[in-house]
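# Examining the three-dimensional arrangement
This is what each chain is made of:
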Amino acid sequence: MAKDFLYTTITNGIARQIRNGVLKAGDRLPSVRMLCLQHNIGMNTAKRVFMELEALSLISSKPQSGYFVNLQPQLRLPLTAVSKPSATGRNKEPDELIRKVYAGLGKDDLTPFAIGSPSGKLLPLAKLNREIALATRTLKAGGIGYEPLQGNVTLRRMIAARSLAWGGNLDENDLLTTAGGMNALSFCMMALSKPGDTIAMESPCYPGSLQLALSLGLKVLELPTHPTKGIEIDALKKAIPKIQLCLLAPNFNTPLGSHMPDENKEAVVKLLARHHIPLIEDDIYGDLHFDAQRPKCCKTFDKKGMVLWCSSASKTLAPGYRVGWLAPGRYKEQILKLKLVHALSCTAITQEAVAGFLKSGRYENHLRQLRKTLQDNYQHYIRTIAEHFPAGTKTSRPQGGLSLWVELNKNTSTTKLFEKAIKQKISIAPGRMFTLQDQFENCMRLSLGLPWTDNLERQLQLLGKLAATMR
C-alpha cells in the first residue's frame, strides 16, 4: 500500500505540472535512475511512473534519449473564467430551454453533445445482460420481491469495499440504495430542508440539482467557482449566515470538470461542520478520474457525520438501470423514513446485476478503458476546437468526468447557437441551463462521452463554423 501510494503521488505530481504548463512540450524528464534518487524509490516504481504517464498521453519515450513531455493541446486555448454570480440575483429557471435540449434525448439522428452521460457504445452491454440473466436466477422468486429498505446487501457491501480507495472506510450499514443519483440528492434535500431555506451550490451547476431545489421551495445561492479548483472558499465563508444547506460536486463536476484540492475539501467540511450546516456531496463522477489515483471526497474528512455522500452507476456503467446510493452519516434514520414513504424498495434485479458486476472485478477493467477513452476524447475535442472554433474561444481543463465547458465571444448567444445547430442535427447544452441567473449565455457544455469517429469530428468542426457565424 505504501509503494502504491508513493507511485500515485509522484505520477499525479508530474501530471499536474505538465497540465498546468510548469513542464512544457519538449521538456526532458529525469531519467529512471535520477527519479529513483530524487524520490528514494526503486527502479520498478520509477518505471511504473513513466508507464502511467505514457498511458495518460502526457509523455513519450525516445530511444536512447529518455522521456519527453508531449504537446498538450489544451494549453493552446485560454482557460475559461472564474464564475461571478450575483449574491442577490433573482432565481430565474431556464425551464423552457431545458425542455428543448432534453427533447432530443434518445433520438438516433442527433449528435448528442448535450447529453452528459456515456454512450451505450462505451458501456459493457453484453456483460451487463449476462448479469441481469444471472440476477433473475439468483434472487428469490426471480427478483420480483422487495429488497430490504436499505437496499441490496451485496451492492452495499461492494460499494463499501470500494470506498477504501478514497478513504471512506464505510461498511454496508453506512449505506442505502436509491433509484439513481438524483433520487439520492432528492432524499437528502427533502430530509434536511424546508421551503424557504437557502442552499449553496457551485456556479455553473448541474441543471437537475437547480430544478430539484426550486421544486422543493428552496432558494439557491450560487457560489463563485474556479474552472479547475472548484468553489472559492472565501465566498462560502461569506455565505454561511445566509444558508441552511450546501450541495457540491467536488470531483469533476458538470459542466466544468473541476477538481477541488484535498486541502479545500477538508476546509469546506470543517467550516460547514463548525456552523452545523449539512453538506450533500454529489460524487457521481469520482470514478472517472484522468490521473492514476481515485480522488478523495469531502466525506473522507467528515468527522461529525454531516456529509451525505451520494453517487450512482449512471455515469459509469448503466444510466438506464437507475441504481444509486448514499452514505447519509448522522441523517440515516431521516433518509430511511423518506425512502419508506416515497419508494419502499428499489428495483431488485438491476441492483443485483450491478452488485454482481462490481463483485466480479469487471468494473475496474471497464473503468480503466472508459477513463482512457474520455481522456483521449478530451484531447481530440481540444485539438478540433483549437483548429475550427472562432479565435478567442476558451475551454475548461477537466481532470476527469464527462464534460467540457466552452466559452465563446461575449457577444455570442449559445441559446441561438443551439437553434442553429439543432437544424444540422447537432445538440448542445447552452450555458444558461447551468444557472438561475442571467449569466453564461456565451458558454456551452459538450459531452465527452461519445465514441470519437470521423463523423463526430466533422460535426464538431461544423459546430465551430456555426459559432463563427454568431459573432
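Look up a bit, the structure's there.
This write-up is about the structure you can find in this document. (Residues numbered from 1 in each chain as written. Predicted model: local features only at pLDDT ≥ 70, side-chain atom pairs only at ≥ 80, totals over all residues. Heavy atoms only, no water.)

### Focus: the overall build of the chain
Rules: Secondary structure elements follow DSSP: runs of H or I no shorter than four residues count as helices, runs of E no shorter than two count as strands, and numbering proceeds from the N terminus. Radius of gyration means the value over C-alpha atoms here, while the globule rule gives 2.2 Å times the residue count to the 0.38 power. Whether a residue is buried, partly exposed or exposed follows from its accessible area with a 1.4 Å probe, protein chains only, as a fraction of its type maximum: under 20%, in between, or over 50%, in that order. Whether two residues touch is decided by their heavy atoms; if any such pair falls within 4.5 Å, the residues are in contact. Two residue types count as positive, namely Lys and Arg, and two as negative, namely Asp and Glu; His and chain ends fall outside the count. In this description, the location of a charge corresponds to atom NZ of lysine, CZ of arginine, CG of aspartate or CD of glutamate.
When helices and strands are tallied, the chain shows 15 helices and 16 strands. By the compact-globule yardstick of 23 Å for 471 residues, the chain fits well, its C-alpha radius of gyration being 22 Å. Projected onto its principal axes, the C-alpha coordinates of the chain cover approximately 65 × 55 × 45 Å. Going through the 471 residues of the chain one by one, you find that 58% of them count as buried. Long-range contacts, defined here as pairs at least 24 residues apart, represent 75% of the contacts in the chain between residues at least 6 apart. Of the side chains in the chain, 62 bear a positive and 39 a negative charge, and the two mean positions are spaced by 2 Å.

### With respect to the pattern of salt bridges
Note the cut-off: Take a side-chain nitrogen of Lys or Arg and a carboxyl oxygen of Asp or Glu: if they are within 4 Å of each other, that pair is a salt bridge.
Going through the model one piece at a time under the given rule, you end up with 16 salt bridges. One network of salt bridges, with partners in common, ties together Arg162, Asp283, Asp287, Arg294 and Glu364.

### Examining helix α7 (residues 181-192)
Put simply, the test is: A helix is expected to span 1.5 Å multiplied by its residue count minus one.
Here α7 spans 17 Å end to end across 12 residues, near enough to the 16 Å set by a 1.5 Å rise per residue. The element α7 is extensively covered by neighbouring structure, given that 10 of its 12 residues are classed as buried. If you check which residues of α7 are buried, you get Gly181, Asn183, Ala184, Leu185, Ser186, Phe187, Cys188, Met189, Ala191 and Leu192.

### Some remarks on the pairing of strand β2 (residues 66-69)
Filter applied, for reference: A strand pair is defined by DSSP finding two or more bridges across the two strands.
As paired strands, strand β1 (residues 59-62) and β2 are joined by 4 bridges and run antiparallel to one another. Across the sheet, the residue bridging to serine 61 is tyrosine 67, located in β2. Between β1 and β2, which pair antiparallel in sequence order, lie 3 residues; one of them, glutamine 64, sits at a positive phi of approximately 60 degrees.

### Things to note about the sheet that holds strand β4 (residues 176-178)
Cut-off, in case you're wondering: To define axes, lines are fitted to C-alpha atoms, for helices over the stretch in contact only, and angles between the resulting N-to-C directions are given on a 0 to 180 degree scale.
Spatially, 8 strands are ordered β4-β11-β10-β9-β8-β5-β6-β7 in an open sheet, and the strand pairing comes out mixed. The sheet is open, and its two borders are formed by β4 and β7 (230-231), each paired with just one other strand. Strands in contact with α7 are β4, β5 (198-203), β8 (245-248), β9 (279-282), β10 (307-312) and β11 (324-327); relative to β10, the strand with the most contacts, it is inclined by about 160 degrees. Strands in contact with helix α10 (residues 262-274) are β7, β8, β9 and β10; relative to β9, the strand with the most contacts, it is inclined by about 150 degrees.

### Section: the packing of aromatic side chains
The geometry of an aromatic ring pair comes down to the distance between the two centres and the angle between the two planes. Test applied: In this scheme Phe, Tyr and Trp rings, the latter by its six-membered ring, pair at centre separations within 6.5 Å, and the angle between planes marks the pair as stacked below 30 degrees, edge-to-face above 60, and tilted otherwise.
Counted by the stated rule, this structure contains 7 aromatic pairs. Look at phenylalanine 290 and tyrosine 378: their rings are 6.3 Å apart centre to centre, the planes differ by 25 degrees, and that puts the pair in the stacked class. Taken together, the positions of phenylalanine 290 in the loop between β9 and β10 and tyrosine 378 in helix α13 (residues 362-388) put the pair 88 residues apart, joining distant regions of the chain. Tyrosine 378 sits in the buried class, given a relative accessible area of 4%.

### With respect to the sheet that holds strand β13 (residues 403-407)
In spatial order, the strands read β12-β13-β16-β15; together these 4 strands make up an open sheet with antiparallel pairing. The open sheet has two free edges, formed respectively by β12 (394-395) and β15 (429-430), since each of these has just one partner strand. Bridging between β12 and β13 involves 2 bridges; their strand directions are antiparallel. By the bridge assignment for β13, threonine 395 is matched with valine 406.

### Examining the pairing of β5
Selection criterion: Look down the strands so they point away from you; if the path from the first strand over the helix to the second goes clockwise, the crossover is right-handed.
Here β5 lies mainly inside the structure; 6 of its 6 residues are buried. Across 6 bridges, the pairing between β5 and strand β6 (residues 219-226) is parallel. By the bridge assignment for β6, threonine 198 is matched with lysine 219. As for the winding sense of the linkage, the β-α-β connection from β5 through helix α8 (residues 207-215) to β6 is right-handed. Where β5 meets β8, 2 bridges bridge the pair, whose relative direction is parallel. Looking at β8, one finds that alanine 200 is bridged to cysteine 246.

### Structural notes on unusual backbone geometry
The omega angle of the peptide bond from serine 203 to proline 204 is 5 degrees, so this bond is cis rather than trans. Among the secondary structure elements, proline 204 is positioned in the loop between β5 and α8. Between threonine 254 and proline 255 the backbone carries a cis peptide bond, its omega angle lying at 15 degrees. Within the element layout of this structure, proline 255 appears in the loop between β8 and α10. Although it is not a glycine, alanine 141 sits at a positive phi angle of roughly 55 degrees. With respect to the secondary-structure elements, alanine 141 resides in the loop between α5 (125-138) and α6 (153-162). You will see that phenylalanine 252, though not glycine, has its phi angle at about 65 degrees, which is positive. Here phenylalanine 252 is to be found in the loop between β8 and α10.

### Some details on the state of the cysteines
Applied cut-off: When two cysteine sulfur atoms are found within 2.5 Å, that pair is recorded as a disulfide.
For the structure on display, the rule yields 0 disulfides. For cysteine 346, which is in no disulfide, the shortest distance to another cysteine sulfur is to cysteine 310 and amounts to 13 Å.

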